[in-house]
Amino acid sequence: MASSSRLISRLALVTGGGSGIGQAVCQRFASEGATVVVADLNQDAAEETVDALQRGQKGQRGQIGQGHMAGQVDVSSKDSVKKLITQIQTRYFQPPSVCVNAAGITQDNFLLSLEEEEFDKVIQVNLKGTFLVTQAVAQALVACGASKGSIINMGSIVGKVGNLGQANYSASKAGVEGLTRTAAKELSKFGIRCNCVLPGFITTPMTDSVPDKVINKLLTLVPLGRMGEPAEVADVCAFLASDDSRYITGTSIEVTGGLFIG
Ligand code: NAD
């Protein structure tokens, strides 16, 4: 639950905001005072998130407020991303100063059977999509002379340690960390910070399809002994979006319940 209003007067773009972690980030940001652009491939899901923000969440404190926007985007398409940024600037007369790249997919298969299309698709959405949105937001911020920005990219602990059946996904997430560190170096002179969040196993539609047997086995590796909640990832994103993290850039923060420590 939000304990402050650190994001008042911030405009935040959240991709993948129609579901899971992205949706929780939208709720947390709005509850801290941000105006949120909820962007998703699934327009209906993005609109549902905006509706929920405008109704306010049961039991939630802080400012939820009006003025949020739903946008349809395919992050793997440069044209689609450009269109979204134009729509945002037309509506708000400014680019988003906070951007969370949470859109992502899995297409799992063991390496020996992994199809080229399965590899390409996951790289296109998770890695190229993060590049396209990061680049478009940074270009817009630099062009308007903004003095600060915070870009937060959703990696995964799997990008560091690998995972059975996820050669494509783990490669895409390792790529997101490299992209983020380079963006941090290049964009710091414009006041734009770039960081990664590396979730472990979080309860969302993405992990719903993982068989209970596999989940139970994985949980034996989690010192805190349970899956994470999307809100627990959103808490870290709110910190990285806010000035509380003003001296932090180019880093990755693990939100894993201790999975794979040391
Ligand atoms: P989710 O499936 O609940 O949400 C992903 C959202 O991304 C969906 O709303 C989907 O419509 C959207 N999306 C998919 N392709 C898109 C595209 N081309 N353009 C725009 N939007 C698109 O998944 P989640 O678990 O909330 O995952 C969010 C992010 O966190 C992803 O990047 C995922 O890889 C990462 N992550 C999740 C976990 C986990 O355990 N759930 C762990 C580590 C990392």
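Scroll up to find the structure this text is about.
The sections below set out a description of the structure shown in this document. (Residues numbered from 1 in each chain as written. Predicted model: local features only at pLDDT ≥ 70, side-chain atom pairs only at ≥ 80, totals over all residues. Heavy atoms only, no water.)

## Here's the deal with the overall build of the protein chain
- Counting its secondary structure elements, the protein chain contains nine helices and seven strands.
- At 17 Å, the protein chain has a C-alpha radius of gyration in line with the 18 Å of a compact globule built from 262 residues.
- Judged by the C-alpha coordinates and their principal axes, the protein chain covers about 50 × 40 × 35 Å.
- By the burial criterion, 50% of the 262 residues in the protein chain qualify as buried.
- Counting only contacts in the protein chain whose residues sit at least 6 apart along the sequence, the fraction spanning at least 24 positions is 74%.
- A total of about 12,400 Å² of accessible surface is found on the protein chain, and carbon and sulfur atoms cover 53% of it.
- With 23 positive and 24 negative side-chain charges, the protein chain shows a separation of 9 Å between the mean positions of the two kinds. (Helix = DSSP H or I, 4+ residues; strand = E, 2+ residues; numbered from the N terminus. Rg over C-alpha atoms; globule rule 2.2 N^0.38 Å. Buried < 20%, exposed > 50% of the residue type's maximum accessible area, 1.4 Å probe, protein only. Contact = heavy atoms within 4.5 Å. Areas by Shrake-Rupley, 256 points an atom, 1.4 Å probe, with all protein chains shown as cover. Lys, Arg positive; Asp, Glu negative; His and termini not counted. Charge placed at Lys NZ, Arg CZ, Asp CG, Glu CD.)

## What to know about the site of the ligand
- Around the ligand, a shell composed of 27 residues is seen, among which S19, I21, D40, Y169 and T204 lie nearest.
- Take V75: an N or O atom from its main chain is 3.0 Å from a nitrogen atom of the ligand.
- I202 is positioned such that a nitrogen or oxygen atom in its backbone is 2.8 Å from an oxygen atom of the ligand.
- If the ligand stood free it would expose 830 Å²; the protein chains cover 91% of that surface.
- Elements supplying a minimum of two residues to the shell around the ligand: α1 (20-31), α6 (167-187) and α7 (205-208).
- When residues of the shell around the ligand are assigned to their parent elements, the largest contribution, three residues, is made by α7. (Near = heavy atom within 4 Å. Polar contact = N/O pair within 3.5 Å; in protein donor to acceptor, adjacent residues only side chain to side chain.)

## Here we look at the packing of helix α4 (residues 116-143) against α6
- Relative to each other, α4 and α6 sit at 15°, their axes nearing to 9 Å. It follows from the interaxial angle that α4 and α6 lie roughly parallel. The two elements α4 and α6 meet at a crossing, and its hand is right-handed. Facing E118, F119, V122, I123, N126, L127, T130, F131, T134 and A138 of α4, the residues of α6 in contact are N168, Y169, A171, S172, K173, G175, V176, L179, A183 and L187.
- Its residues placed into classes, the contact of α4 with α6 shows twelve nonpolar, six polar and two charged. (Axes fitted to C-alpha atoms, helices over the stretch in contact; angles between N-to-C directions. Parallel < 35°, antiparallel > 145°, perpendicular 65-115°, else oblique. Left-handed = near helix turned anticlockwise from the far one by under 90°. Nonpolar A, V, L, I, M, F, W, Y, C, P; charged D, E, K, R; others polar.)

## With respect to unusual backbone geometry
- Unusually for a residue other than glycine, S9 sits at a positive phi of about 70°.
- With respect to the element layout, S9 can be found in the segment before β1 (11-15).
- Notably, F93 is not glycine yet its phi reads approximately 60°, a positive angle.
- With respect to the secondary-structure elements, F93 resides in the loop between α3 (78-92) and β4 (98-101).

## Details of the packing of α3 against α4
- Between α3 and α4, the least distance of the axes is 10 Å, while the angle of their chain directions is 35°. Considering only the axes of α3 and α4, their crossing is right-handed. Within the contact between the two elements, α3 uses K78, V81, I85 and Q89 and α4 uses L132, V133, Q135, A136, V137 and A140.
- A class-by-class count of the residues in the contact of α3 with α4 yields seven nonpolar, two polar and one charged.

## Examining the pairing of strand β3 (residues 69-72)
- Side chains M69 and G71 of β3 all project onto a buried face; the interleaved residues A70 and Q72 project onto a face where none is buried.
- By the bridge criterion, four bridges tie strand β2 (residues 35-40) to β3 in an arrangement that is parallel. Considered in β3, the bridge of V37 is made with M69. (Pairing = 2+ DSSP bridges.)

## Regarding the pattern of salt bridges
- A full pass over the atoms with the stated rule returns nine salt bridges.
- The closest approach of N and O atoms between E32 and R6, which form a salt bridge, is 2.9 Å. Pair noted here: E32 is in the loop between α1 and β2 and R6 is in the segment before β1, with a separation of 26 residues, a long-range link.
- Its salt-bridge partner being R226, residue E232 comes within 2.8 Å of it at the nearest N-O pair.
- Linked by salt bridges that have partners in common, R6, R28, E32, D235 and D244 make up one network. (Salt bridge = Lys/Arg side-chain N within 4 Å of Asp/Glu carboxyl O.)

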